[in-house]
Amino acid sequence: MGASDVIVIGAGVIGLSAAIAAQARGLSVTVLDREGPAAGASAGNAGAFAFTDILPMASPGIMSKAPKWLLDPLGPLSVPPAYAFNIAPWMFRFWRACSPRRVKASTDAQVALMTLSRSELEPFLTRTGTMPMLRKEGNLQVYEGKAEFQASLPGWELRAEHAIEFRHLDAAAMGEIQPGLSPRFTRGTFTPGWYSISDPKLYVLALADHFRAMGGSIQRAQVKALRQIGVQVVIATDSETWRAGQVVVCAGAFSHEITTTLGDRIPLETERGYNTTLPHSAFDLRTQITFGGHGFVVTRLSSGIRVGGAVELGGLKLPPNFRRAEAMLKKAKAFLPGLDDRNGTQWFGFRPSLPDSLPAIGRARAAPRVVYAFGHGHLGLTQSTGTARLVADLLTDQLLPVDISPFSPQRFR
């Protein structure tokens, strides 16, 4: 095929946001995706812009809980026995990333990317005509008893150091924000700066429409390999060969299959996510609720009430275990006694995750005309606009607004 200035691989929220940002710099852009826009985790997430979620999953706190969680095949964090050997090297890197020094470095990097993403969000939504989809309803994190609440306080103290607004609540105050909680939840924390989108799939499809309206092209193709030859990048797909002046890899959980063709072996793993979306009438939900001790959230979307979350480190090939979705829904029914758990639609998808909880953003080691932007875990939507800004700056050789060395794709060598 003829050459574009830029080819973006991946039509999820990261890929399309990056494509639009590059397009706004005057570059001709084509997007390639194996299935089309919003086919993966960008469609099935909880719809949150979780700017206050600055603490990496890799942390001492998670390591103290992990042994108990891993013993429960339906718990917040699980590894299918059939995948235990495969995940062992990633888990070792994850364990190393839990040291206090590395957690501080990861948190500082997350704060920088979150701050950039938040500052870029509303201008991006305005430019793409999607501002009406933004909601500012906050998030309510709930705790079962004094011990669980006190265990959360160091994390909130760290957020306070970064000027993140929140307020701790007793049961009565929680009931004013969100009626209908089980009395087992005695304390909570409300973060008003936690935004959401009315529906993540419709948002990404709207981005695709905007991109096309501005002259962009989206084509279905499964990318097999990349090769830089002089000032062009050659893209081999399952059907034909494409060429571009620069390429951006935003293929989510499949990205590492592409990067290895350039010699970059990046330890990307898959957080397999599950959810159930119930009808609007299922519950009078007024804010997103996080049940942190159980690893899932309940979110109000334009398409219904979504119950989902948890982490299953199981790769790309094992069949889905929808008992995980059923377990979360059963808990949601217990935690929100008025919830009508009937007539739900289940979903399963892949979140791309790196062991230190930071994405890979930067140039390929052996192919400087290839930019990587993937591995955001459960923060892809949240960090999409900040990542898009960084990608556009890299493509146009502009001064970057934040230090991207913590996100270096080569940091795991």
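For the structure given in this document, a descriptive report is provided here. (Residues numbered from 1 in each chain as written. Predicted model: local features only at pLDDT ≥ 70, side-chain atom pairs only at ≥ 80, totals over all residues. Heavy atoms only, no water.)

## Things to note about the packing of helix H5 (residues 100–128) against helix H11 (residues 384–395)
In a pair of packed helices, the angle between the axes and the distance between the axes together describe the arrangement.
Point 1. The interhelical angle for the contact between H5 and H11, taken along N-to-C directions, is 95 degrees, at an axis separation of 6 Å. Here H5 lies roughly perpendicular to H11, going by the angle between them. Facing H5, whose interface residues are Leu-113, Leu-116, Ser-117, Glu-120, Leu-121 and Phe-124, H11 presents Thr-385, Gly-386, Thr-387, Arg-389 and Leu-390.
Point 2. Within the contact of H5 with H11, the residues separate by chemical class into five nonpolar, four polar and two charged. (Axes fitted to C-alpha atoms, helices over the stretch in contact; angles between N-to-C directions. Helix = DSSP H or I, 4+ residues; strand = E, 2+ residues; numbered from the N terminus. Parallel < 35°, antiparallel > 145°, perpendicular 65-115°, else oblique. Contact = heavy atoms within 4.5 Å. Nonpolar A, V, L, I, M, F, W, Y, C, P; charged D, E, K, R; others polar.)

## What to know about the pairing of strand S1 (residues 4–9)
Point 1. With five of six residues buried, S1 is to be regarded as a mostly interior element.
Point 2. In terms of strand pairing, S1 meets strand S2 (residues 29–33) through four bridges, oriented parallel. Pairing of Val-6 across the sheet is with Val-29, part of S2. (Buried < 20%, exposed > 50% of the residue type's maximum accessible area, 1.4 Å probe, protein only. Pairing = 2+ DSSP bridges.)

## Considerations on the sheet that holds strand S9 (residues 195–197)
Paired through backbone hydrogen bonds, the strands of a sheet run either parallel or antiparallel to each other.
Point 1. Ordered in space as S3-S9-S5, the three strands form an open sheet in which the pairing is antiparallel. Edge positions in the sheet fall to strand S3 (48–49) and strand S5 (134–135), since each has one partner strand and no second.

## Some points on the environment of Ala-160
Point 1. Take Ala-160: it is sitting in helix H6 (residues 145–161).
Point 2. What makes Ala-160 partly exposed here is its relative accessible area of 43%.
Point 3. Sequence separation between Ala-160 and Ala-173 is 13 residues, and the spatial gap between their C-alpha atoms is 21 Å.

## Let's talk about H5
Point 1. Compared with the 42 Å implied by 1.5 Å per residue over 29 residues, the 40 Å span of H5 between its first and last C-alpha is a close match.
Point 2. One or two steps after H5, the chain reaches Gly-129, where phi turns positive at roughly 75 degrees. (Expected span 1.5 Å × (residues − 1).)

## Observations regarding the nonpolar core
One recurring pattern in soluble globular proteins is that nonpolar side chains are buried together.
Point 1. Counting residues in each nonpolar core, the largest one holds 55 residues, and the members touching the most others are Leu-16 and Tyr-203.
Point 2. Here this core takes eight residues from H5, the largest share from any one element.
Point 3. The next biggest cluster of nonpolar side chains, apart from the first, holds 30 residues, and it includes Leu-181, Ile-305, Leu-339 and Phe-348. (Core = buried A, V, L, I, M, F, W, Y, C linked by side-chain atoms within 4.5 Å.)

## Description of empty space enclosed by the protein
Point 1. Counted according to the given criterion, the structure contains four cavities of 30 Å³ or more.
Point 2. Here the largest cavity defines a volume of roughly 120 Å³.
Point 3. Met-57, Ser-357, His-376, Gly-377 and His-378 are the residues nearest the centre of the largest cavity, which is lined by 15 residues in total.
Point 4. The residue makeup of the lining of the largest cavity, split by class, is six nonpolar, seven polar and two charged.
Point 5. Counted as a void, the second largest cavity has a volume near 70 Å³.
Point 6. Of all the elements in the fold, those that place two or more residues in the lining of the second largest cavity are S9 and strand S16 (296–301).
Point 7. Looking at the lining of the second largest cavity residue by residue, the classes come out as two nonpolar, five polar and two charged. (1 Å grid on protein atoms, 1.4 Å probe; cavity = no way out; pocket = protein on both sides within 12 Å on 5 of 7 lines; lining within 4 Å. Points joined across faces, edges and corners; volume = space filled by probe spheres on them.)

## Points about the pairing of strand S17 (residues 304–313)
Point 1. Burial analysis of S17 places ten of its ten residues in the buried class, the great majority of the element.
Point 2. Looking at chain direction, strand S4 (residues 77–78) and S17 are connected through two bridges and run parallel. The residue bridging Ser-78 from the neighbouring strand is Glu-312, located in S17.
Point 3. Sheet topology note: the strand S14 (residues 269–278)/S17 ladder contains seven bridges and is antiparallel. The partner of Asn-275 across the bridge, within S17, is Gly-308.

## Some words on the pattern of salt bridges
Point 1. Tallying each qualifying case throughout the model produces 15 salt bridges.
Point 2. In this structure, Arg-363 engages Asp-397 in a salt bridge whose closest nitrogen and oxygen atoms are separated by 3.3 Å. One end of the pair, Arg-363, is in strand S19 (residues 360–363); the other, Asp-397, is in the segment after H11, with 34 residues separating them in the sequence.
Point 3. For Asp-393, the salt bridge identified is with Arg-389, shortest N-O distance 2.9 Å. (Salt bridge = Lys/Arg side-chain N within 4 Å of Asp/Glu carboxyl O.)

## Here's the deal with the side chain of Ser-196
Point 1. Locating Ser-196 in the fold gives a position in strand S9.
Point 2. Sequence-distant contacts of Ser-196, that is, excluding residues within four places in its chain, are made with Gly-47, Ala-48, Phe-49, Met-133, Leu-134 and Arg-135.

## Observations regarding the environment of Asp-53
Point 1. Positionally, Asp-53 belongs in the loop between S3 and helix H3 (60–70).
Point 2. Given the relative accessible area of 17%, Asp-53 is considered buried.
Point 3. The spatial distance from the C-alpha of Asp-53 to the C-alpha of Ile-164 is 9.8 Å, given a sequence separation of 111 residues.
Point 4. For Asp-53, the residues in contact, after removing those within four places along its chain, are Met-114, Arg-159, Trp-194, His-378 and Leu-379.
Point 5. Side-chain polar atoms of Asp-53 contact the side chain of His-378, separated by 3.4 Å. (Polar contact = N/O pair within 3.5 Å; in protein donor to acceptor, adjacent residues only side chain to side chain.)

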